[in-house]
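Now for the letters of each chain:
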Amino acid sequence: AEYLYEKLKNDSDFETFNKPEISAVIFRYVNSSSDLNILNKNIRHALMHMCGIFIGETETDGKTTLKTTLLNPRTEKKDLDELVCKIKEFAKKNV
């Protein structure tokens, strides 16, 4: 979780909301002129239906945010890198 958090925190395309204590990272994509709440909902939907990637959605400070809970010990850094790439890809397509 720490790896993903640091990656997102240092990327201006994202806003992070928590420093993970165990496994949860809460964030959202922000580099868009679109309604960010709708965009992040759509990103989550696209990840699930087009890639089979399941992440959560929650509300933080009145903003729609995405949430990963990293519990699988087989998750590697490359998997998280791919997740970030897919999020950016869908955001740029304004899914």
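Presented here is an overview of the structure given in this document. All values reported here derive from a predicted model rather than from experimental measurement.

With that out of the way, let us pick up the side chain of Ser23. Topologically, Ser23 is positioned in the loop between strand E1 (14–16) and strand E2 (24–29). Looking at Ser23, the relative accessible area reads 10%, which means it is buried. When neighbours within four sequence positions are excluded, Ser23 is seen to be in contact with Ala1, Thr68, Thr69, Leu70 and Leu71.

To continue, consider unusual backbone geometry. Despite not being glycine, Asp61 shows a phi value in the positive range, around 55°. Looking at the secondary structure, you find Asp61 in the loop between strand E3 (56–60) and strand E4 (63–69).

Between helix H2 (residues 36–51) and helix H3 (residues 77–92), whose axes approach to 9 Å, the crossing angle comes to 120°. In terms of crossing hand, the pair formed by H2 and H3 is right-handed. Taken together, the residues of H3 that come into contact with H2 (itself represented by Leu39, Ile43, Ala46, Leu47, Met50 and Cys51) are Leu83, Lys86, Ile87, Phe90 and Ala91.

The description of an aromatic ring pair rests on the distance of the ring centres and on the angle between the ring planes. Using the criterion set out here, one finds two aromatic pairs in the structure. Considering the side-chain rings of Phe14 and Phe27, the 6.1 Å spacing of their centres and the 70° angle between planes classify their relative orientation as edge-to-face. Here the residue Phe14 occupies a position in strand E1, and Phe27 occupies one in strand E2, the gap between them amounting to 13 residues. Taking the relative accessible area as the measure of exposure, Phe14 reaches 7% and is therefore buried. Relative to Tyr29, the ring of Phe14 lies with its centre 5.5 Å away and its plane at 90°, an arrangement referred to as edge-to-face. Of this pair, Phe14 sits in strand E1 while Tyr29 sits in strand E2, and the two are 15 residues apart along the sequence. A relative accessible area of 2% means that Tyr29 is categorised as buried. Chaining the aromatic ring pairs together yields one cluster made of Phe14, Phe27 and Tyr29.

All right, on to the pairing of E3 then. Pairing between E3 and E4: five bridges, direction antiparallel. Paired with Glu59 across the bridge in E4 is Thr64. Here E3 folds back onto E4, and the loop between the two strands holds two residues, one of which, Asp61, carries a positive phi near 55°.

What counts as what
- Residues numbered from 1 in each chain as written.
- Predicted model: local features only at pLDDT ≥ 70, side-chain atom pairs only at ≥ 80, totals over all residues.
- Heavy atoms only, no water.
- Helix = DSSP H or I, 4+ residues; strand = E, 2+ residues; numbered from the N terminus.
- Buried < 20%, exposed > 50% of the residue type's maximum accessible area, 1.4 Å probe, protein only.
- Contact = heavy atoms within 4.5 Å.
- Axes fitted to C-alpha atoms, helices over the stretch in contact; angles between N-to-C directions.
- Left-handed = near helix turned anticlockwise from the far one by under 90°.
- Phe/Tyr/Trp six-rings, centres within 6.5 Å; stacked < 30°, edge-to-face > 60°.
- Pairing = 2+ DSSP bridges.

All quantities given are derived from atomic positions and should not be read as evidence of function.
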